[in-house]
Amino acid sequence: MIHAYRFKNFYSFEEAHEVSFAVPGKARDTDFMAITKPEIRLSKVMAVMGPNASGKTNVIKPLVFLHWFVKHSFHSKPDDEIPIEPHFFNEDAPSEFEIELDFEGKLWKYQLTATKNRVLSEALYRKDTRAYSYIFRREWLNNAYEITQRGFGFAAKEAKKVRQNASLISTAAQYGVDIATQLLRLSLTSNVYQMGRHDFTNRMTHASQHYFENKKDTAQMSKLIRQWDMGIRDIEVREIDAMDSEGKATKIKVPVCTHAVGEKFVEMDLRHESSGTQGIFVLLAYLLPVLRNGGVAVIDEFEADLHPHMLVPILELFSNESTNLNNAQIIFTCHAAEVLMELHKCQVLLVEKNDKLESAVWRLDSMEGVRPDENLYAKYMAGAYSAVPEV
């Protein structure tokens, strides 16, 4: 589980900001919280709210970037830029990232400072007793990398060859380094990539492919949609013959819905169903893998195409122990203030952008005077917490 992450000079955030999933001691227990150790409670859910163009998506992008960089940057081409965007008023300064997370019984900390052209510093720490101890440190000094290790196990000769645009972890995993391959099992799913949210066609293609390859998730998705009373008896993803844009034969995955009409069954391509049904089909393809295996779902515009009444049943998948087997977490951007009726103030992030085009994010419980028992929905809608459109 993620404890906290921090970032600086990244997209619309010029100054350093932190997102913490830690639940304060005075907060009452809810099913949206998990106890990782007797003294540590973490939230399973975090909502990011604010007006359009405030920087909400940029709050969740650091997680997507770090997941990609640690796991996949080895596969970049030697001359590829690192896909980060500093604040446009601070383009010459590096971007900084840090994340703390609980993984396979240990608490880890990963730090990265980088420009588009190279990693300036990278470090991995593990908390074995009371304090963090470094596993490796990598720094760009005098036009070369200085690398120190303590139990990482990556041959020094190979470590020196790691490219300037690649993570030491991602590279070490290719050589079978145990800690690196262990960390590659970290699970994150998202409808966001470095430049923003994938378009709906891309997300539908991803979902169809996922269900075609994962029959258990297909069965669970179909069961939930039936349970939520959408008039659908079953959904199946089929592989059919088709022609690509160049006229070549190919295979595509097509989701087909079955409706019961009296004693008859009628099949319909999902593309002809409502946008709400399509939206749930796509959203569950991102949520079900982490609900089953653990990890984090990072979702932009959580409520897109969904009826407000659907938001709570979907969020409850994370609060229910029978559907959230391994304390999976979700962080999502949202405009539907109705979710505030379900969450504690420590589970809400508010985002605003000032007249200098700098975003700021803060947790609702950091604001003075916000009582635990007050109606967060009513107060937010009334503008008491800011982070609402000026209309």
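Scoring rules and cut-offs
Residues numbered from 1 in each chain as written. Predicted model: local features only at pLDDT ≥ 70, side-chain atom pairs only at ≥ 80, totals over all residues. Heavy atoms only, no water. Helix = DSSP H or I, 4+ residues; strand = E, 2+ residues; numbered from the N terminus. Rg over C-alpha atoms; globule rule 2.2 N^0.38 Å. Buried < 20%, exposed > 50% of the residue type's maximum accessible area, 1.4 Å probe, protein only. Contact = heavy atoms within 4.5 Å. Areas by Shrake-Rupley, 256 points an atom, 1.4 Å probe, with all protein chains shown as cover. Lys, Arg positive; Asp, Glu negative; His and termini not counted. Charge placed at Lys NZ, Arg CZ, Asp CG, Glu CD. Pairing = 2+ DSSP bridges. Axes fitted to C-alpha atoms, helices over the stretch in contact; angles between N-to-C directions. Salt bridge = Lys/Arg side-chain N within 4 Å of Asp/Glu carboxyl O.

Caption draft 1: The overall build of the protein, seen in detail. Per the secondary structure count, the protein includes 9 helices and 20 strands. The C-alpha radius of gyration of the protein comes to 22 Å, within 12% of the 21 Å expected for a compact globule of 391 residues. Here the C-alpha coordinates of the protein stretch approximately 75 × 60 × 45 Å along the principal axes. By the burial criterion, 51% of the 391 residues in the protein qualify as buried. When contacts within the protein are restricted to residue pairs at least 6 apart in sequence, long-range pairs at least 24 apart make up 60% of them. Only carbon and sulfur atoms are counted for the fraction: they give 48% of the accessible area of the protein, which is about 19300 Å². Of note, the protein has its 46 positive side-chain charges centred 6 Å away from the centre of its 53 negative side-chain charges.

Caption draft 2: Fine view of the sheet that holds strand S15 (residues 249-261). If you trace the 3 strands from one edge of the open sheet to the other, you get S14-S15-S16, paired in antiparallel fashion. The open sheet has two edge strands, strand S14 (234-243) and strand S16 (264-269), and neither has a second partner. For this sheet, the mean angle separating the axes of adjacent strands, direction not counted, is 35°. Bridging between S15 and S16 involves 6 bridges; their strand directions are antiparallel. Each residue of the ladder has a partner; that of Val261, found in S16, is Lys264.

Caption draft 3: View of the pairing of strand S5 (residues 45-49). Most of S5 is tucked away: 5 of the 5 residues are buried. Burial along S5 is two-sided: the face carrying Val45, Ala47 and Met49 and the face carrying Met46 and Val48 are both buried. Relative to strand S18 (residues 329-334), S5 runs parallel, the two sharing 5 bridges. From the neighbouring strand, Ala47 faces S18, where its bridge partner is Phe332. In this sheet, strand S19 (residues 348-353) lies alongside S5 in parallel orientation, the contact comprising 3 bridges. Opposite Ala47, over in S19, you have Val348 as the bridge partner.

Caption draft 4: Quick look at the pattern of salt bridges. Counted according to the given criterion, the structure contains 21 salt bridges. For Glu158, the salt bridge identified is with Lys161, shortest N-O distance 3.8 Å. Residue classification places Lys161 among the exposed residues on the basis of a relative accessible area of 53%. A salt bridge links Asp365 to Arg363, with the shortest nitrogen-to-oxygen separation between them at 2.9 Å.

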